[in-house]
Amino acid sequence: MAELPRPRSPLAYLDLTARAAAAGEGAGVTLAQRPFLGMLSLRGDANDPRFAAAVQDAAGADLPATPGSSSNGGSVTLFWLAPDEWLVVCGSSSEAADLSQSLSAALEGQHAAVIDVSSGRAVIRLGGTSAKAVLQEGSSLDFDAPHFQAGRCASTRLGSVDVLLHQVEDDREGTGPLYDIYVPRSYAISLWHRLEGVSAEYGLAVSVV
Amino acid sequence: MRQRNRVAEAGLDIDRERIVRFDFDGNRYEGHAGDTLASALLANGVSVVGRSLKYHRPRGVVALGGEEPNALVRVGLGDRAVPNLKATEVPLLDGLVAESQNRWPSLGFDVGAAAGLVSRFIPAGFYYKTFMGPPWGWATWERHIRRMAGLGRAPEGRDPDRYAKRHIHCEVLVAGGGPAGLVAALAAARTGVRVVLADENAAFGGGLLQVPAEIDGKRARAWVADIVGKLERLGNVTLLPRSTVTGYYDHELLTVAERITDGVAAPDPRLPRERHWMIRARQVVLATGAIERPQVFAGNDLPRVMLTRAIRGYLHRFGVLCGRSVVLCTTDDTAYQAAVELRRAGAAVVGIVDSRDPPGEEALALARSEKIPVFAAHIPTFAHGRRRVRGLEASRLKADGREVSGLVERFACDLVGMSGGWSPAVHLFSQTGGKLRYARRLAAFVPGETRGANRSAGACTGEFDLRSCLWQGFEAGAAAASDAGAAAVSTGRADESAPDDVISDAADAPPVPWAAPSRGRKQRFVDFQNDVTADDIELAAREGYRSVEHLKRYTTLGMGTDQGRLANMHGLALLSEAVSVPIPSVGTTTFRPPYAPVTIGALAAGKVGESGRPVRQTAVHDWHEGRGGVSADWGYWKRPRCYPVEGESEADATFREVRAARSGVALTDLGSRTRIELHGIDASVLLDRLFMNDWPELPVGRARYGVMLREDGMIFDHGVAARLGRDRFLLSTAGPAETLLEHVTFLLEAVWPELRVFVTDVTESWFVAGLLGPNVPEMLAELCDDAAAPGEALVMSISEAQVAGIPARVLRSEIFGEPVTEIHVATDFAMALWSGMVTAGGPWGLEACGTAAMDVIRIERGRFALGAEADGRTTPADLGLASMVSHGKDFVGRRSLRLPAFQEAERLQLVGLMAASGGDRIPGGAQMVAADNGGRPQPALGHLTSHCTSPLLGRDIGLALVRAGRSHVGERLYASSPLVGETTPVTVVEPASLYGQGEPTNG
Amino acid sequence: MLLIPCPHCGPRPESEFVYGGDAAVRRPSDPDALSDAEWTEFLFRRDNPKGLHAEHWFHRSGCRRWLRVERDTLTHRIASATLARTASHRRSG
């Protein structure tokens, strides 16, 4: 097969490298893009042990059954989205394509669906001592533990955009917690602008992954 | 003389070492750090700080804080100016510039004061009466009234400041940081739950800061500092000073307006000016305190007739003695301690006028020991003076305590204190729908049965004894924490101490009578801010406004920035007397948020510009921008309307793009079209019920166009369904994805839960490039590796291919009756595909084509668009699609199509329109009419829905919804727009026949 | 602003939801068998009760499921919130 043309990330347009160079000191907020992750939409019956077993088998991670939870296995993370819906996130779109095939094969004959949605979302990584305050500007979720903490995820409204929030790490060393914001691709630039605006109060550092 | 009213005593809030210079109405003054604008003006002997709304009477500072009705000022310069600030709440900063409002040309000489001379012509309900008068009445008066009345002047430019918002959660929110609130917060916080304590003042302590008091042998201020320190150290408490709790909404959502940079010297430039907090609490403790009431008598609005608590507060906090010769009028014990303090600060207390007979024993004893004369069973009846009070008359009450006898005491004085009892601040409690109870003992409303998870504590319950307030606060805080799920039990004592023994401000006797008798034409003001007098209320009652809600609207009592905090109780008591209905039956007006004015900036925080209206971009948006694509909004999406090149008009660009679609290749960005996937064994059944057209089994790889209805028979959406696999379909539609998803999900979950289908929105995962034009097959053959180039495939089919080296789905279908090839690729490769096509398309005459060109193609084909023709009120028959409707199956909306209303001949029907000649322009937004009668009114037959200039027909064409439209085919109608003053003759044709009227331009 | 206890996502503000009307109204299984009056009754006529009211809410910004919420129209107290699908199944079964 011929080599694919170069893909373009959702935030490529913003020239994050230039923004990273302009970062000030003592920033309370850090922002970065995690581009080109692989993503699958997984649908099925959580109460069917065959389904959970097949997913475990193919993805190498437990099926998160508790609302708002996630699970890890190797490079694969599963996020609970709804009682019959999960988001499978892995390292790259080619990995997602392979995973899609193995999941589809494992789920053959079940009422289930696997859809490659790798390009559909931008992922913005938000950190820093004021990261929580930045989220609280636009989201009315309760971000204090135990309501939200490392490993938890939530689909919710951030400003005027519906997003999936994932707390990657708790604030362990006083450097602040770490969040991933999964935002529908077409809204990504708009959301980024908003996050920059809100962060101005705390000082912002942009980094390139 | 500088700061002539500043005395050496007290003044705990100010730093006498630090001089602050400020400017009021163009005059320079000096004050001290820690002053408010009001205290500094009083210190400088400035009596008149504003003019009243209706009569332009000179007014001075009355109160100490947010209840101030008179001292409204505009602070700051230019676009940063804020009108309607209360001088009592403006911290004094070096260089502050403020001006009074509502006066012209100056405070000292105000032309509008003439209104005072004609005040009997501006009675209650003035606005209503002028409205009701001759038709020209309002139009004539409005201009003058607008200039004379009104509060403040808004800045004109864009607000240069940033405003922020924050949503937080807590277990216990305490509104009000006075003694009860402080103790409540501490009790709740010690259980470990999250607590928020908000207070409108810069410092916590509430009433404890205003007057000398002791708790546990400590000065009140030390006690407050001690509690605040404890709260700070606990770590689970969010302390919000300078933060007014403005609203209490459903399910314990409270809004708090925090002032951050205003009133702060040299604030951090990164900080927002204000932050609007949205706080979701599990439990709420309302410790909002009480507000002292004025008394109603002739001349009670003169400058230096003030609330007694305010007089005490200015002395204690700022070292300002508001007068040298004082009369204190009271209905309870409030005045006595004040008298002692004023006397010690150097003022002569000429007398205490007490309506009670006899006054409280303790109080009398105190007065006697200080040799202050007390006039029991007296009420103030007349204050006189011009620009400030010079004297007071008080009359002795008869034995019934209601009417005055002829006995009058006359005092010469330069300061009058009023204390007409205390009104608990029940506003937030009342906002939740909680019921108020009338407490006869206090002559005030107190919280009754609550609705919502809140409790009231302290003075806002009508409890004015400090020890009791502390206990109430402690119990409320601990109980709130426990109800909010706190595991621990609060420790510590209620008061952390024993309260002091100062005479409390408790009011045990109702302030009867509510108003002194009238005295000639002298006005007795009830509501200072709105210039409502006791006579106005009596007049309104006589005119039949017996309900307190009607009274409020008729007289404007209790409106404005102070929302009648001082006036409401007197207003409804006087109404009660006038209509002979007991006060509890008169009731109160409904309290609604906000409790205090909130800046528009704070309300709009996070909703300005892109934050409020996010922009959705397709993955090649920057290419559009780079090519001068003129952006158009479609929902949140930005789509290019057309791509004018240098020197080209939008119309010319659109023509060029349409020509490419007819003679070469038109490339259009369909990235914003909705795409959802359906998975499951019942997907086919679902589609059958979703679409109104016949839906025989679709083979894998084939596609079909269909129209969807709402259950009421109106067209909802339309698009193409393609079968990707046995149980897998792709649905590509014109309407917004959110709405379609919501609709389909509803059908699957609430209507037909037995159907096994998964619906997934994949709009964002795929980018779609649309290709139209005769050269598309050849161009694609070149771009695709596969032998079976999609150009060869059947129309209405879907297949997989490599396009420009990218794995793609190729959907061949029709758009507006023209064949279209859609290339679907993963969005990451959108730009690669797009540039690949632009490069490859050169030889084939490829042009990027915007929405305007697509619209031209659609209108020429007479096809409907969502929103324009399918406007939510049109059925398939209305749009000429009756023949598409299936007769053999049930589908959403089917039954409605048979309803008699939809068979009526007079319904609006879709028709095509052609301008009579090439030079005639069909005006946008036109109504369809039968004649050109020079723009005079005539009945509309319908309206224009879409129009364009057609390159095919060489003239303007359009689509319209016209009553019984199909019966007008062949006739001449007129498209008339009164807005632009144009009327254009048009010929009515069948929509589908428009295309046939033209000569194909590409031979 | 209401706080709706989504059975999956926990309490969420009203702004995350789309109102879907009276949950007691059910689409007739055989619309053709209905008179015009009966059909328009289904389409348009709704009770306006004072007190507990079962209604549909779509959790648009969260789990994107239709919920059946029992809300007191007088006090806004929410008595229950369950999956609409479960409720529909129960009624049809």
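In case you missed it, the structure is sitting above this.
To start, this report covers the structure provided alongside it. If you're wondering where the values come from, they're calculated on a predicted model, not measured in any experiment. (Residues numbered from 1 in each chain as written. Chains lettered and ligands numbered in written order. Predicted model: local features only at pLDDT ≥ 70, side-chain atom pairs only at ≥ 80, totals over all residues. Heavy atoms only, no water.)

1. Overview of the overall build of chain B
- Looking only at helices and strands, one finds 23 helices and 49 strands in chain B.
- For chain B, the spread of C-alpha atoms along the three principal axes comes to 110 × 70 × 55 Å.
- Burial status across chain B gives 61% buried among its 1003 residues.
- Sequence separation of 24 or more characterises 66% of the internal contacts of chain B that already satisfy a separation of 6 or more.
- Per element, the accessible surface of chain B, about 38300 Å² overall, is 52% carbon and sulfur.
- Positive and negative side-chain charges in chain B, numbering 113 and 118 respectively, have mean positions lying 6 Å apart. (Helix = DSSP H or I, 4+ residues; strand = E, 2+ residues; numbered from the N terminus. Buried < 20%, exposed > 50% of the residue type's maximum accessible area, 1.4 Å probe, protein only. Contact = heavy atoms within 4.5 Å. Areas by Shrake-Rupley, 256 points an atom, 1.4 Å probe, with all protein chains shown as cover. Lys, Arg positive; Asp, Glu negative; His and termini not counted. Charge placed at Lys NZ, Arg CZ, Asp CG, Glu CD.)

2. Focus: the interface of chain A and chain B
- Taken together, the 48 residues of chain A in the interface contact 52 residues of chain B.
- Here chain A meets chain B over a buried area of about 4200 Å², counting both sides, of which 48% is carbon and sulfur.
- Here chain A is connected to chain B by 6 salt bridges.
- Ionic pairing is found between Asp622(B) and Arg8(A), a salt bridge with its closest N-O pair at 2.8 Å.
- Counting the contacts that link chain A with chain B gives 25 residue pairs in polar contact (both at pLDDT 80 or more).
- Those elements that provide at least two residues to the side of chain A that touches chain B are strand 2 (38–43), strand 6 (113–116), helix 4 (131–138) and helix 5 (188–199) of chain A.
- In terms of residue count, helix 5 of chain A provides more of the side of chain A that touches chain B than any other element does, 6 residues in total.
- Split by residue class, the side of chain A that touches chain B holds 21 nonpolar, 16 polar and 11 charged. (Buried area = accessible area lost by both parts, 1.4 Å probe. Salt bridge = Lys/Arg side-chain N within 4 Å of Asp/Glu carboxyl O. Polar contact = N/O pair within 3.5 Å; in protein donor to acceptor, adjacent residues only side chain to side chain. Nonpolar A, V, L, I, M, F, W, Y, C, P; charged D, E, K, R; others polar.)

3. As for helix 5 of chain A
- Across its 12 residues, helix 5 of chain A extends 16 Å between first and last C-alpha, which sits within 8% of the 16 Å expected from 1.5 Å per residue.
- All of the buried residues along helix 5 of chain A are Ala188(A), Ile189(A), Ser190(A), Leu191(A), Trp192(A), Arg194(A), Leu195(A), Glu196(A), Val198(A) and Ser199(A). (Expected span 1.5 Å × (residues − 1).)

4. Things to note about the side chain of His718(B)
Residue and element names in this part refer to chain B.
- Inspection of the secondary structure assignment puts His718 in strand 36 (residues 715–725).
- On the basis of relative accessible area, His718 is assigned to the buried category, the value being 10%.
- Side chain to side chain, His718 and Tyr705 meet in a polar contact 2.7 Å long.
- Here His718 is in contact with Tyr705, Gly706, Val707, Ser732, Thr733, Ala734, Phe864 and Leu866, once residues within four sequence places are set aside.

5. Here we look at the sheet that holds strand 2 of chain A
All names here are of chain A.
- Reading across from one edge, 3-4-5-2-6 is the order of the 5 strands in this open sheet, with antiparallel pairing throughout. Either end of the sheet is taken by a strand with one partner, and the two such strands are strand 3 (70–73) and strand 6. Neighbour to neighbour, the strand axes of the sheet diverge by 20 degrees on average, direction disregarded.
- Across the face of the sheet, helix 3 (residues 93–106) comes into contact with strand 2, strand 4 (76–82), strand 5 (85–90) and strand 6 while running at roughly 25 degrees to strand 2. (Pairing = 2+ DSSP bridges. Axes fitted to C-alpha atoms, helices over the stretch in contact; angles between N-to-C directions.)

6. Examining the packing of aromatic side chains
- What the rule picks out here adds up to 22 aromatic pairs over all chains.
- Taking 5.0 Å as the distance between ring centres and 70 degrees as the angle between the ring planes, the aromatic pair formed by Tyr19(C) and Trp57(C) counts as edge-to-face. On the criterion of sequence distance, the pair formed by Tyr19(C) in strand 3 (residues 18–22) and Trp57(C) in strand 4 (residues 52–58) is long-range, its members being 38 residues apart.
- Among the aromatic residues, those joined into a ring-pair cluster are Trp623(B), Tyr643(B), Phe767(B) and Trp834(B).
- Positioned above the aromatic ring of Tyr595(B), the side-chain terminus of Arg565(B) is 4.0 Å from the ring centre. (Phe/Tyr/Trp six-rings, centres within 6.5 Å; stacked < 30°, edge-to-face > 60°. Lys NZ or Arg CZ within 6 Å of the ring centre and 35° of its normal.)

7. Structural notes on the sheet that holds strand 8 (residues 153–158) of chain A
All names here are of chain A.
- What the 6 strands build is an open sheet, ordered 8-9-10-7-1-11; its pairing is mixed. The open sheet has two edge strands with one neighbour each: strand 8 and strand 11 (204–208). Neighbouring strand axes in the sheet, compared pairwise and without regard to direction, differ in orientation by 30 degrees on average.
- Pairing of strand 8 with strand 9 (residues 161–169) involves 6 bridges; the strand directions are antiparallel. Looking at the pairing, Ser155 lines up with Leu164 of strand 9.
- Contacts from helix 5 reach strand 1 (29–33), strand 7 (121–127), strand 8, strand 9, strand 10 (178–184) and strand 11, with the element oriented near 165 degrees to strand 1.

8. Let's talk about the interface of chain C and chain B
- Tallying the contact residues gives 33 residues for chain C and 31 residues for chain B.
- Between chain C and chain B, roughly 2800 Å² of surface is buried when both sides are summed, and carbon and sulfur atoms account for 52% of that area.
- Across the contact surface, chain C and chain B share 16 residue pairs in polar contact (both at pLDDT 80 or more).
- Counting only elements with at least two residues in the side of chain C that touches chain B, the list comes to helix 1 (36–44), strand 4 and helix 2 (84–92) of chain C.

9. Section: the side chain of Glu137(A)
- Checked against the element boundaries, Glu137(A) lands in helix 4.
- Here Glu137(A) is buried and forms no salt bridge, its nearest opposite-charge partner Arg194(A) lying at an N-O distance of 4.2 Å.
- One polar contact links the side chain of Glu137(A) to the main-chain amide nitrogen of Lys165(B), over a distance of 3.3 Å.
- In this view, Glu137(A) contacts Arg194(A), Val198(A), Tyr163(B), Ala164(B), Lys165(B), Arg166(B), His167(B) and Gly606(B); residues no more than four positions away in its chain are not counted.

All quantities given are derived from atomic positions and should not be read as evidence of function.
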